[in-house]
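Here is how the chains run, residue by residue.
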Amino acid sequence: MGDIMLKLYGFPISNYYNKVKVVLYEKGVPFEESESIPSQDEPLLQCSPLGKVPYLQTENGYLAESQVICDYIEVTHPTPALFSQDPWQQAKERELITMLELHMELVTREVYGQAFFGGTASEGTRARTEKLLRRNIVAFKRIAKFAPYVAGDKFTMADVAAGIHLPIIGMATQAVFGEDFLQAAGVDWKGYGKLLAERESFQRTRAEMKAYQQAQQAKKSEA
């Protein structure tokens, strides 16, 4: 990467921002952070086409979409590898990531406003979210191994996604529906989370998230 340091834009409450941070820490890649809040302001849209975070500044320009960023980091910093070299096993790891993000996290996101931000999801939204999520969690469980890692006996990129998203899905469903859908389906995300919490990458990311939350609360108290 030459002498130009990667710069990650976003904020530590974002699960997708934290996903990229875990990958950077796992790889030991030096990077800078710059706070950026999602918006439709033109300067941000020049860096992230949908105005979302995270996005990454590289020596070649900007990249958006967390998995695209993670794949770029994997290719440019191949050691330690976070995807299996075997084509089939790597495909299964990517299958898990797609299941987690497209069919579970994105579905749960519909009720984040009620779960975490004091809003109220409509009855229709809650019903649709519950129907899809209960089905999709069962589908995820069919391919997740937890042996002890989500794709097998090695820590991979699939664990980065699972370690970041599963707690949010569990907490959101508990808050909105009064039941943790993951635990109800037999997905022990808390036990799995304890395994991942032994890794420095997750420890650092979570500590920085808590510090950011505390700083934001302090600002509100002063306002």
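Residues numbered from 1 in each chain as written. Predicted model: local features only at pLDDT ≥ 70, side-chain atom pairs only at ≥ 80, totals over all residues. Heavy atoms only, no water.

1. Structural notes on the domain arrangement of the protein chain
Where we set the bar: Those domain boundaries reflect an automatic or database domain assignment. Buried area is calculated as the accessible area (1.4 Å probe) missing from two parts once they are joined, with the contributions of both summed. By definition here, a salt bridge exists when the distance from a side-chain nitrogen of Lys or Arg to a carboxyl oxygen of Asp or Glu is within 4 Å. What qualifies as a polar contact is a pair of N or O atoms within 3.5 Å, subject to a donor-acceptor requirement within protein and to the restriction that residues adjacent in sequence count only when both atoms come from side chains. Working definition: helices are DSSP H or I runs of at least four residues, strands are E runs of at least two. Numbering for both runs from the N terminus.
The domain architecture assigned to the protein chain consists of domain 1 (6-76) and domain 2 (87-217). Inter-centroid distance (C-alpha atoms) of domain 1 to domain 2 is 20 Å. Both faces combined, the contact of domain 1 with domain 2 buries some 1,800 Å², and carbon together with sulfur accounts for 61% of it. Counting across the interface, domain 1 meets domain 2 through four salt bridges. Notably, a salt bridge pairs Glu26 with Arg199, separated by 2.8 Å at the nearest N-O pair. In this assembly, domain 1 and domain 2 are joined by 11 residue pairs in polar contact (both at pLDDT 80 or more). The biggest single contributor to the side of domain 1 that touches domain 2 is helix 1 (residues 15-27), with nine residues.

2. Brief notes about the pairing of strand 3 (residues 55-58)
Filter applied, for reference: Pairing between two strands requires that DSSP report at least two bridges joining them.
Of the pairings in the sheet, the one linking strand 1 (residues 6-10) to strand 3 comprises three bridges and is antiparallel in character. What sits directly across from Leu8, in strand 3, is Leu56. Pairing of strand 3 with strand 4 (residues 61-64), which is carried by four bridges, proceeds in the antiparallel orientation. Paired with Tyr55 across the bridge in strand 4 is Ala64. Taken together, strand 3 and the strand that follows it, strand 4, pair antiparallel across an intervening segment of two residues.

3. Some thoughts on the nonpolar core
Selection rule: Only buried Ala, Val, Leu, Ile, Met, Phe, Trp, Tyr and Cys residues count toward a nonpolar core, and they belong to the same one when joined by side-chain atoms within 4.5 Å. Only protein chains enter the accessibility calculation, which uses a 1.4 Å probe; a residue is then buried when its area is under 20% of its type maximum, exposed when over 50%, and partly exposed in between. Contacts are assigned to residue pairs with any non-hydrogen atoms lying within 4.5 Å of each other.
Ranked by size, the top nonpolar core spans 46 residues in total, and within it Leu24, Met104, Phe140, Val150, Leu166 and Leu182 carry the most contacts. For this core, the secondary structure elements donating two or more residues are strand 1, helix 1, helix 3 (66-76), helix 4 (87-108), helix 6 (123-143), helix 7 (157-177), helix 8 (181-184) and helix 9 (189-196). In terms of residue count, the dominant contributor to this core is helix 7 (eight residues). Filtering out sequence-adjacent residues up to four positions away, Val150 remains in contact with Leu96, Phe140, Ile143, Ala144, Lys145, Ala158, Asp159, Ala162 and Tyr192. Within the second largest apolar cluster, eight residues are counted, among which are Phe11, Leu44, Tyr55 and Tyr212.

4. Section: the sheet that holds strand 2 (residues 31-35)
Strand pairs in the sheet, formed through backbone hydrogen bonds, run parallel or antiparallel to each other. Here is the rule: To obtain each axis, a line is fitted to C-alpha atoms, and for helices this fit is confined to the stretch in contact; angles are then taken between N-to-C directions over 0 to 180 degrees.
Spatial ordering of the open sheet is given by 2-1-3-4, a layout of four strands whose pairing is mixed. Two strands in the sheet have a free side with no partner beyond their single neighbour: strand 2 and strand 4. Sheet twist, expressed as the mean angle between neighbouring strand axes with direction ignored, is 25 degrees. This element, helix 1, spans strand 1 and strand 2 of the sheet and lies at about 155 degrees to strand 1.

5. Let's talk about the pattern of salt bridges
Going through the model one piece at a time under the given rule, you end up with 12 salt bridges. Between Lys27 and Glu74 there is a salt bridge; the shortest N-O distance is 2.5 Å. Taken together, the residues span a long stretch of sequence, with Lys27 in helix 1 and Glu74 in helix 3 at a distance of 47 residues. You'll find Lys27 and Glu74 in the same group, each marked buried. Of the charged contacts, one joins Glu95 and Lys92 as a salt bridge, the two residues approaching to 2.6 Å between their closest N and O atoms. With Glu95 and Lys92 both in helix 4 and three residues apart, this pair spans about one turn of that helix. Look at the salt bridges and you will find they share partners, linking Lys21, Glu33 and Glu208 into a network.

6. Considerations on the environment of Leu6
Among the secondary structure elements, Leu6 is positioned in strand 1. Judged by relative accessible area, Leu6 falls into the buried class, the value being 2%. In this structure, the C-alpha to C-alpha distance between Leu6 and Met104, residues 98 residues apart in sequence, is 30 Å.

7. Remarks on unusual backbone geometry
The linkage connecting Val53 with the following residue, Pro54, adopts the cis geometry, with an omega of 5 degrees. Tracing the chain through its elements places Pro54 in the loop between helix 2 (42-45) and strand 3. With an omega of -5 degrees, the peptide bond running from Ala147 to Pro148 counts as cis. Mapped onto the elements of the fold, Pro148 is located in the loop between helix 6 and helix 7. The phi dihedral of Glu65 is positive, around 75 degrees, even though this residue is not glycine. For Glu65, the location among the structural elements is in the loop between strand 4 and helix 3. In this model, Phe146 sits at a positive phi of 50 degrees, which is unusual for a non-glycine residue. The residue Phe146 is located in the loop between helix 6 and helix 7 in this model.

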